[in-house]
Amino acid sequence: MAIDMSEIIDAPPIDRIDIWNRDDMEPRIREILDRTVRDRVKGPYAAKTDSEVIAMLERYFARTEGLEAIGISDVARMAGGASKEQFAFTLRHKGDGVGERLVLRMDPLEAISQTCRGREAQVHVAFAGILPVASVRSVDADGEIMGQPAIILGFVNGVTEPSEGTGHGVSGIGTRYDDWAAKLAPQFIDALAQVHRFDWRSADLSYYAAPEAGTRQAAIWQVNWWSQVWWDGVVQPVAMVTYAERWLREHAPICDAPVMCHSDLRLGNFMFEEPSGKFTAVLDWELAHIGDFHEDIAWAIQRLFGTWTDDGTFLVCGLIARDEFLRAYEAASGNRIDPVKLRYYEVLNAYKCAVIDLGQAMRAATQSNNHQDIILTWLGSAGAVFLEQLVMLIREA
Amino acid sequence: MLPNIDLRIANMIKALEQVVLPALPRDQRLARDQAMLVAGHLRMMGEQWKSALRYEQVALDDLQGLARQLLPAASALLADDLKAALAMAQACDRASVTAIERANIDLGHAVDAVILGGTDHAPLPPASIDALLDYALRHARRERSWFKANRLDPDQNDLPDLETMLADAD
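Not measured: the values here are computed from a predicted model.

Asker: Lay out the interface of chain B and chain A with the relevant residues and their values.
Answerer: Each partner contributes to the interface: chain B provides 43 residues, whereas chain A provides 43 residues. Note on chain B versus chain A: buried area summed over both sides is about 4000 Å², and carbon and sulfur give 72% of it. The largest contributions to the chain B side of the interface with chain A come from L37, L133 and L152 of chain B, which together make up 16% of the buried area. Seen at the junction of chain B and chain A, the total is four salt bridges. With its nearest N and O atoms 2.6 Å apart, the salt bridge here joins E388 of chain A to R144 of chain B. For the interface between chain B and chain A, the tally reads twelve residue pairs in polar contact (both at pLDDT 80 or more). Among the secondary structure elements, those contributing two or more residues to the side of chain B that touches chain A are α2 (29–48), α5 (97–116) and α6 (126–146) of chain B. No other element matches the 14 residues that α6 of chain B contributes to the side of chain B that touches chain A. For the side of chain B that touches chain A, the per-class residue count stands at 23 nonpolar, ten polar and ten charged.

If you want it as structure tokens, here you go:
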């Protein structure tokens, strides 16, 4: 049964937030989205060759650090992810003949999600010593020297899926952890709790802004971010995406205490060593922002990121049964999960995924602006999974 | 036509899987991943191409049905735009995938405007919301069935094959 929206529209205001003010957004996110539209016409983009990467890195280290006799070797394109161009390489120079193994992570002209390398660097630095994260060697947030935005990270050993596993997929989707789950699940839950307990007010996070506590701003900032992505890049209108945006504005919940959210902590986005199973890195912080912790929980429990046991039990991120996961998270974090807010953020995340798959990915591939357009269209072909989730979630809400 | 499209698609998949992929070094993951995805896309397109026109027709017909259901509650200005888009959709060349896609996009924008309720975001009546969610479910199921061969859908085993899906739409 649908809700009569006139009752909600006529209700007294909850706070000073204008749910239809599309300009109410984190300033840096606005800059990134505006840059995306401005640069979109510069395509098409071609995957970088090893020799191009070597030339870019030699120039970069000479200019930023004044290194001499620079040698870039053992360049290897890294698999995984559906967003950034990533290369492992070894840096040697006059002052270091032994060499340093590093990872270059840089933006293609347009990716499945358009994010900020400066934010990524800041959050990596902030969490060093709290969680296993790659160290930050250098960052070129706006690509002023490298030619395209980039971050250079320390190389981390480990795997994102068991070497002898039984299930693999694009961007980790479909990975089965089997016997590894018992070792990985507690670390996964602890990582979520650590992220949410983090004191973001004391950290250098100048690329970030925080939504006002006790208002709906945390939710509306996310709706404004992703709806802007949709309307800036829409290839073909999708009625459910448009209705979901409206529903999300009209049902935005208050966030009492904004926390740091990783925003993509799921299977495929943590590395571990074999055979111990110990986490070596929490990956892909590019979507991190300050918001409502329910957003991360709702992200982790999505069906697309889960697997099923042979007896039909759904495992969150292939690791742990849903109810057990929610209980363990509450115990580890001290946060109480509000089922209404959790449902709201399940809708928001399904919306976000639909926007990414059917909006941004299709726009980037249509413009030929990515180094792996074919992966974008492959992921786009799964976009309807999120449309059906939106229908189900909104009907049940 | 000789060779026909099915044969050429099959040849391309064979060349990729039996010649190109084995020749690619194991450490060239990007190249290997993309070659496998090319084969995957080709296999899907091989199943889809004969039904593509029918699929687009069904999609446009369904969107027109939604547009008609939204019409009574739309404001005068939005209703005029929606009627115009509906008329264009009805007049489009139904033998052309490109023409149907264009009509779908134009009508989709007019439907979106009604969903958003114009600049004052007028409330959507419950009947419109019900119609919209019913349509959205049909649309999602159709698309999921169309692309079920990508094997990304967690519930792919519950989806009908393309012929059944299109027959049900009739």
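Asker: Now, about the environment of L283 of chain A: what can you tell me, with residues and values included?
Answerer: Residues and elements named next belong to chain A. Looking at where L283 falls in the secondary structure, it is placed in the loop between β8 (279–282) and β9 (289–291). Spatially, the C-alpha atom of L283 lies 27 Å from that of R59, the residues being 224 residues apart in sequence. If sequence neighbours within four positions are ignored, L283 has contacts with T160, H262, G268, N269, F270 and M271.

Asker: Break down the nonpolar core for me, with residues and values.
Answerer: Residues and elements named next belong to chain A. The biggest cluster of nonpolar side chains holds 138 residues, and the ones touching the most others in it are M240, M260 and F325. No other element matches the 16 residues that helix α10 (residues 339–366) contributes to this core. Not counting the four nearest positions on each side in its chain, F325 is found in contact with F188, I189, L192, I297, A300, I301, V316 and I320. Counting residues in each nonpolar core, the second largest holds 18 residues, with M56, F87, L102 and I152 among its members.

Asker: An account of the sheet that holds strand β11 (residues 314–316) of chain A is requested, with residue identities and associated values reported.
Answerer: Residues and elements named next belong to chain A. One open sheet holds the three strands; their spatial order is β10-β11-β12, and the pairing between them is antiparallel. The open sheet has two free edges, formed respectively by β10 (307–308) and β12 (320–321), since each of these has just one partner strand. As defined by bridge partners, β11 adjoins β12 across two bridges and the pair is classed as antiparallel. Bridge pairing in β12 places L315 opposite A321.

Asker: Could you give me a rundown of helix α11 (residues 373–380) of chain A, with the residues and numbers involved?
Answerer: Each full turn of the α-helix corresponds to 3.6 residues, which orients residues three or four apart in the same direction. With six of its eight residues buried, α11 of chain A lies for the most part within the structure. If you check which residues of α11 of chain A are buried, you get I374, I375, L376, W378, L379 and G380 of chain A. On the buried face of α11 of chain A, the contacting elements are α10 and α12 (383–396) of chain A together with α2 of chain B.

Asker: Pulling in residues and values, what's your account of the pattern of salt bridges?
Answerer: Residue and element names in this part refer to chain A. Under the criterion given, the structure shown has 45 salt bridges over all chains. Between E286 and R105 there is a salt bridge, and its shortest N-O distance comes to 3.5 Å. With E286 in the loop between β8 and β9 and R105 in strand β3 (residues 96–106), this residue pair connects regions lying 181 residues apart in the sequence. R105 matches E286 in its accessibility class, with the two residues each being buried. Via salt bridges that share partners, R28, E31, R35, K84, R105, D107, R117, E120, D142, D284 and E286 belong to a single interconnected network.

Asker: Just give me the short version of the sheet that holds strand β5 (residues 150–154) of chain A, but keep the residues and values in it.
Answerer: All names here are of chain A. Ordered in space as β1-β2-β3-β5-β4, the five strands form an open sheet in which the pairing is antiparallel. Lying at the two open borders of the sheet, with one neighbouring strand each, are β1 (71–77) and β4 (136–140). Strand after strand, the sheet turns through a mean of 25 degrees between neighbouring axes, direction not considered. Sheet analysis places β4 next to β5, joined by four bridges and oriented antiparallel. Its bridge partner lying in β5, V139 is registered against I151.

Asker: Report on the environment of P237 of chain A, specifying residues and quantitative values.
Answerer: Relative to the helices and strands, P237 of chain A resides in the loop between α6 (217–233) and α7 (239–250). Here P237 of chain A falls in the buried class, since its relative accessible area comes to 8%. For the pair formed by P237 of chain A and C255 of chain A, sequence separation is 18 residues and the distance between their alpha carbons is 31 Å. With residues near it in sequence (within four places) discarded, P237 of chain A still touches W230 of chain A together with I105, G108, H109 and D112 of chain B.

Asker: How would you summarise the packing of aromatic side chains if you had to cite specific residues and measurements?
Answerer: Residue and element names in this part refer to chain A. The tally for this structure, following the rule as stated, stands at 17 aromatic pairs over all chains. Through successive ring pairs, a cluster of aromatic residues spans Y177, W180, F188, F270, F272, F279 and F325. In this structure, R101 is placed above the aromatic ring of F155, and the distance from its NZ or CZ to the ring centre is 5.7 Å. The lysine or arginine in question, R266, covers the ring of F305, its NZ or CZ lying 4.9 Å from the ring centre.

Asker: Describe the packing of α6 of chain A against α10 of chain A, and please don't skip the residues or the numbers.
Answerer: All names here are of chain A. Where α6 contacts α10, the two axes come as close as 8 Å, and the packing angle between them is 20 degrees. Considering their axes alone, α6 and α10 lie roughly parallel with respect to each other. The two elements α6 and α10 meet at a crossing, and its hand is left-handed. Between α6 and α10, the contacting residues are A218, A219, Q222, V223, W226, S227, V229, W230 and G233 on the first element and Y344, Y345, L348, Y351, K352, A354, V355, I356, L358, G359, Q360 and R363 on the second. Looking at side-chain class alone, the contact of α6 with α10 contains 14 nonpolar, five polar and two charged residues.

The rules behind each value
- Residues numbered from 1 in each chain as written.
- Chains lettered and ligands numbered in written order.
- Predicted model: local features only at pLDDT ≥ 70, side-chain atom pairs only at ≥ 80, totals over all residues.
- Heavy atoms only, no water.
- Contact = heavy atoms within 4.5 Å.
- Buried area = accessible area lost by both parts, 1.4 Å probe.
- Salt bridge = Lys/Arg side-chain N within 4 Å of Asp/Glu carboxyl O.
- Polar contact = N/O pair within 3.5 Å; in protein donor to acceptor, adjacent residues only side chain to side chain.
- Helix = DSSP H or I, 4+ residues; strand = E, 2+ residues; numbered from the N terminus.
- Nonpolar A, V, L, I, M, F, W, Y, C, P; charged D, E, K, R; others polar.
- Core = buried A, V, L, I, M, F, W, Y, C linked by side-chain atoms within 4.5 Å.
- Buried < 20%, exposed > 50% of the residue type's maximum accessible area, 1.4 Å probe, protein only.
- Pairing = 2+ DSSP bridges.
- Axes fitted to C-alpha atoms, helices over the stretch in contact; angles between N-to-C directions.
- Phe/Tyr/Trp six-rings, centres within 6.5 Å; stacked < 30°, edge-to-face > 60°.
- Lys NZ or Arg CZ within 6 Å of the ring centre and 35° of its normal.
- Parallel < 35°, antiparallel > 145°, perpendicular 65-115°, else oblique.
- Left-handed = near helix turned anticlockwise from the far one by under 90°.

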